[in-house]
Amino acid sequence: MFGRFTDPTAEAFSALQHEPIVLYTVLTVVALGVLLLAVITFFGWWGSLWRNWITTVDHKRIGIMYVVLALVMLVRGFADALMMRVHQAMALGSESAGYLPPDHYDQIFTAHGVIMIFFMATPLLFGLFNYILPLQIGARDVAFPFLNNLGFWITFAGALLINISLGIGNFGRVGWLAYPPLSELSGSPDTGVDYYLWSLQLSGVATTISAVNFVATIIKMRAPGMAMMKLPVFCWTALVANVLILMIYPVLTIALALLIGDRYLGMHFFTNDGGGNPMVWINYVWIFGHPEVYVLILPAFGILSEVVPTFSSKRLFGYTSMIWAILVILILSFLVWAHHFFTMGGGVAVNTFFSIATMIIAVPTGVKIFNWLFTMYKGRIRLEPPMLWCMGMIFTFVGGGLTGVMLSITPADWQFHNSLFLVAHFHHTIIGGVVFAYLAGLIYWFPKAFGIKLNRTLGIASFWCWFIGFYFAFFPLYILGLMGATRRLQHYIEPSWQPYFIVAMIGAFIIALGILFTVLQFLLVIWYGIKHKGKFPVRENDPWGDTRTLEWSVSSPPPPYNFAVIPHVTTLDAYWHMKTKNVPRKTSGFSSIHMPSNTSAGFWAGILSLILGFALVWHIWWLVAFSFVGVVAVIIVHSFIGDHRGYYFSEALVQETENAFTAYLEAKGR
Amino acid sequence: MTVTAVETTHVAQHHCGDASIKIFGFWIYILQDLFLFATLFANFAVFSSAYDGGSVGKDFINLPFVIFETFFLLVSSISYGFSIVKMYSNNLKATRFWLQITFVLGAIFVGMELYEFMHLIHEGATPSVSAYWSAFFVLVATHGIHVTGGLIWMACMFVHLSCHGLNADNRVRLICLSLFWHFLDIVWIGVFTVVYLLGAL
Ligand code: HEM
Ligand SMILES: [Cu+2]
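In short, a report on the structure. These figures come from a predicted structure and were not determined experimentally.

**Describing the coordination of the iron atom of ligand 1**
Residue and element names in this part refer to chain A.
Then step 1. For the iron atom of ligand 1, the full set of protein donor atoms is His 112 (NE2) and His 427 (NE2), and the range of their distances to it is 1.9 to 2.0 Å.
Then step 2. Each of the six donor atoms around the iron atom of ligand 1 contributes to a set of angles spanning 89 to 180 degrees, which defines the coordination as octahedral. Of this pair, His 112 sits in helix α5 (residues 102–136) while His 427 sits in helix α14 (residues 420–450), and the two are 315 residues apart along the sequence.
Then step 3. Taking relative accessible area as the criterion, His 112 reaches 12% and is therefore assigned buried.

**Side note on the packing of helix α11 (residues 348–376) of chain A against helix α12 (residues 385–408) of chain A**
All names here are of chain A.
Then step 1. Running from N to C, α11 and α12 cross one another at 160 degrees; their axes reach a closest spacing of 10 Å. Relative to α12, the element α11 is oriented roughly antiparallel. Remark: the crossing between α11 and α12 carries left-handed chirality. The segment α11 lies against α12, with Ser 355, Thr 358, Met 359, Ala 362, Thr 365, Ile 369, Trp 372, Leu 373 and Met 376 engaging Met 387, Met 391, Ile 394, Phe 397, Val 398, Val 405 and Ser 408.
Then step 2. Looking at side-chain class alone, the contact of α11 with α12 contains 12 nonpolar, four polar and no charged residues.

**A look at the pattern of salt bridges**
Residues and elements named next belong to chain A.
Then step 1. For the structure on display, the rule yields 11 salt bridges over all chains.
Then step 2. The shortest N-O distance in the salt bridge between Arg 173 and Asp 103 comes to 2.3 Å. Of this pair, Arg 173 sits in the loop between α6 (145–164) and α7 (192–220) while Asp 103 sits in helix α5, and the two are 70 residues apart along the sequence.
Then step 3. For Asp 194, the salt bridge is made with Arg 263, and the minimal N-O distance between the two is 2.8 Å. Separated by 69 residues along the polypeptide, Asp 194 in helix α7 and Arg 263 in helix α8 (residues 233–265) bring together distant segments of the chain.

**Things to note about the coordination of the copper ion (ligand 2)**
Residue and element names in this part refer to chain A.
Then step 1. For the copper ion (ligand 2), the protein coordination sphere consists of His 290 (ND1), His 339 (NE2) and His 340 (NE2), at 1.6 to 2.0 Å.
Then step 2. In primary-sequence terms, the residues that donate to the copper ion (ligand 2) follow H-x48-H-H. Of this pair, His 290 sits in helix α9 (residues 278–312) while His 339 is found in the loop between α10 (319–332) and α11, placing the two residues 49 residues apart along the sequence.

**Description of the packing of aromatic side chains**
Residue and element names in this part refer to chain A.
Then step 1. Under the criterion given, the structure shown has 91 aromatic pairs over all chains.
Then step 2. Consider the rings of Trp 50 and Phe 603, whose centres lie 5.5 Å apart with planes at 85 degrees: the pair is edge-to-face. With Trp 50 in helix α3 (residues 46–54) and Phe 603 in helix α18 (residues 601–617), this pair connects stretches of sequence that are 553 residues apart.
Then step 3. Judged by its relative accessible area of 14%, Phe 603 falls in the buried class.
Then step 4. Taken together, a centroid distance of 5.2 Å and an interplanar angle of 80 degrees make the contact between Trp 389 and Phe 463 edge-to-face. Remark: Phe 463 occurs in helix α15 (residues 456–483) and Trp 389 occurs in helix α12; sequence separation between them is 74 residues. Per residue, the accessibility class of Trp 389 equals that of Phe 463, and both read buried.
Then step 5. Here the guanidinium or amino end of Arg 61 rests over the ring plane of Trp 53, the centre of that ring lying 4.7 Å away.
Then step 6. The cationic tip of Arg 548 hangs over the ring face of Trp 576; the distance from NZ or CZ to the ring centre is 4.3 Å.

How each quantity is defined
- Residues numbered from 1 in each chain as written.
- Chains lettered and ligands numbered in written order.
- Predicted model: local features only at pLDDT ≥ 70, side-chain atom pairs only at ≥ 80, totals over all residues.
- Heavy atoms only, no water.
- Donors = N, O, S within 2.8 Å, 3.2 Å for Na, K, Ca; no water.
- Tetrahedral: all angles 85-135°; square planar, octahedral: opposite > 155°, others 65-115°.
- Helix = DSSP H or I, 4+ residues; strand = E, 2+ residues; numbered from the N terminus.
- Buried < 20%, exposed > 50% of the residue type's maximum accessible area, 1.4 Å probe, protein only.
- Axes fitted to C-alpha atoms, helices over the stretch in contact; angles between N-to-C directions.
- Parallel < 35°, antiparallel > 145°, perpendicular 65-115°, else oblique.
- Left-handed = near helix turned anticlockwise from the far one by under 90°.
- Contact = heavy atoms within 4.5 Å.
- Nonpolar A, V, L, I, M, F, W, Y, C, P; charged D, E, K, R; others polar.
- Salt bridge = Lys/Arg side-chain N within 4 Å of Asp/Glu carboxyl O.
- Phe/Tyr/Trp six-rings, centres within 6.5 Å; stacked < 30°, edge-to-face > 60°.
- Lys NZ or Arg CZ within 6 Å of the ring centre and 35° of its normal.

Put into structure tokens, the structure is as follows:
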């Protein structure tokens, strides 16, 4: 009846009983949750929440929901990071040193890695894609609005499932890629790895759905005249990232499914007995994992290619070489996976091949760096926050790339492998590259979504905290790695390491300050929103000035239908062209616009898949059957009674919406 | 007037999910499914001799039985083809007739596969015997689950067809399902060759 809940070895509630940290965290989160629900009920926001957000199929709103999810997960993942940093700063001595027992510490680094990659970076990326892509290509929505909503709710279910493991049961103690045999039943008999497997399967389904959607959108829905070589670079990187997703997520899905087979059905893929081979898993996850880092970093390059020209008031240097570099990276990213396990013993030929392929990737990446530098060269650079993040990114990412080349030298890697040198390297590229660039994008496009910019002073302070904090937090790890410190250490016995760990902790606290400033920025906006009763007034379409792409041609926030008239594109940087040619904005004579209808099917499918995942983790088979049938039924029922016809946004309403913006522009004298 | 007309078709293209976008999207889905099966084939190849000292595939593979199974699936692809031909000539009755034939053939295929699995398990060749048998079951069953999904979809299509006939939505659905069905056929040819033919050697 209650599956593994009745099995004492699964320790359903032991963390709550024996770990005060977990208990208080869970209590706080539950209290905050209840408070939030109470506030929503008190102000009577449920109806509007349901109509405008939960059931929405508007890519802009879904994009915002993705970003909110990602920022919450960023805080969660960062809290884990901070705990690890504090612990390691005091963990000199024995197992009982520091304040986290090994069992708990191991769960924290696993959860941190999984949450940051799959539930922070990916949703943040999808949030930006959702909001910006249709606007940049001059479309009114994505190709499949319902699938977009469905994808969000399944991502949400995955994120919730992984966080439930904090209170009920435990999380894996296996690292973010869960190497077997440790992740097999023999090594991890309780629920931790199962939470890992099912939350990633959910995230995988959602990511695949969204990737299909984005590829179809970019290929099929570009405004008339926008040939592929007139596509903004951000869209190009999005296209390639999503194609990569479609090629690699199946590999992850299968790898996870095979491990599920091992754990649930007694199969023998990655076990030590029965003819299984754990190295096969390691190959699968890295065939997925290496391109995955390019899924994350390519759009980061795309963001830079949008932001740097704007704040240099110049067009992007070398558009064509940029596109070719992206395509070359697409191919090369499949040829390097074994650099993650040179120590496997693949032999000289194998290791040499992967070593050289890895070094070659530095070439197209270097092309991009030079393109941005040449864009800035002789440009009129304005140091607004988005540009600061981009310059920080260029500076930092080059360093991370260089240590990457160090790691690609096989004999050297035998020394660096699994040391803190590696941890420093990938945070160097992922924070200095991915996070810096995504935050640049977030700040850059924020006024598009809400009509106002994030507070500038706080933004600059936040940047400097992240930037300086990053170097303090991770450069000691390079040194520690060279001194022989391995990753995932719950304690160490070498006293000379401790000062470095303490410096790293200080760095993490400086980053915490940066996050605090970001949170303050958002609180200010929420305050502004409350002052305007949740409706953000229409403002400047081109708040940064010198922007070049179509999203800046419509009001901020954009109307629900994005473009009253679909633009005809003749050149790259279509909006820049419109500005320089003084193409007038159409102010009357609109026709009605067809819009897709809201649907609750995605929400219910998400909730049911959360229940499905939970039931699978806890072996509650009747609930598995019930919720699985439920998910399928929701989709089938949606195909029958869902409103596929949509509705029309009437001419009068379009006119009224556009008039508001016209009035704003006239008031500004334009 | 003409301007408005152009506008509205344009709008339709952008929102009603014009058929070509849906079919294109479905192609993309199929491509990622292809990667899924490619991984499973690679997986089967990796473990193709990992018998762990237990029974080998050759001991159990009943080639004539599988050839019959294959026959049913291949013919079901042809009958689906007829169904689509009839759809293009707007003949609802014939469309449905050939779809029914397809359904029956597909169901026989799944039934035979289930029978084969039961037989294997009964004889002691279970997924937990060795990595070889794990890989065997996962590859063949993943295909079987896909076919079952196709059958459920087809069952829904009967209801859709009796509700709305051959309207635009249903045409797109039929075309997507046909892509899916033919794709599974092609994958099965791979399974038949790699798992059964090579296995029986
Ligand atoms: C914001 C500041 C961050 C800090 C202070 C931080 C800190 C840490 C620490 C202390 C570890 C454990 C290292 C060890 O094994 O000893 C770790 C691991 C890891 N971090 Fe971060 N991290 C941060 C951000 C991120 C971000 C943004 C991502 C990804 C988007 C990320 C991904 C990972 C991954 C994948 C691991 C490996 C987990 C494992 O060992 O399996 N981190 N991080
Ligand atoms: Cu790699």
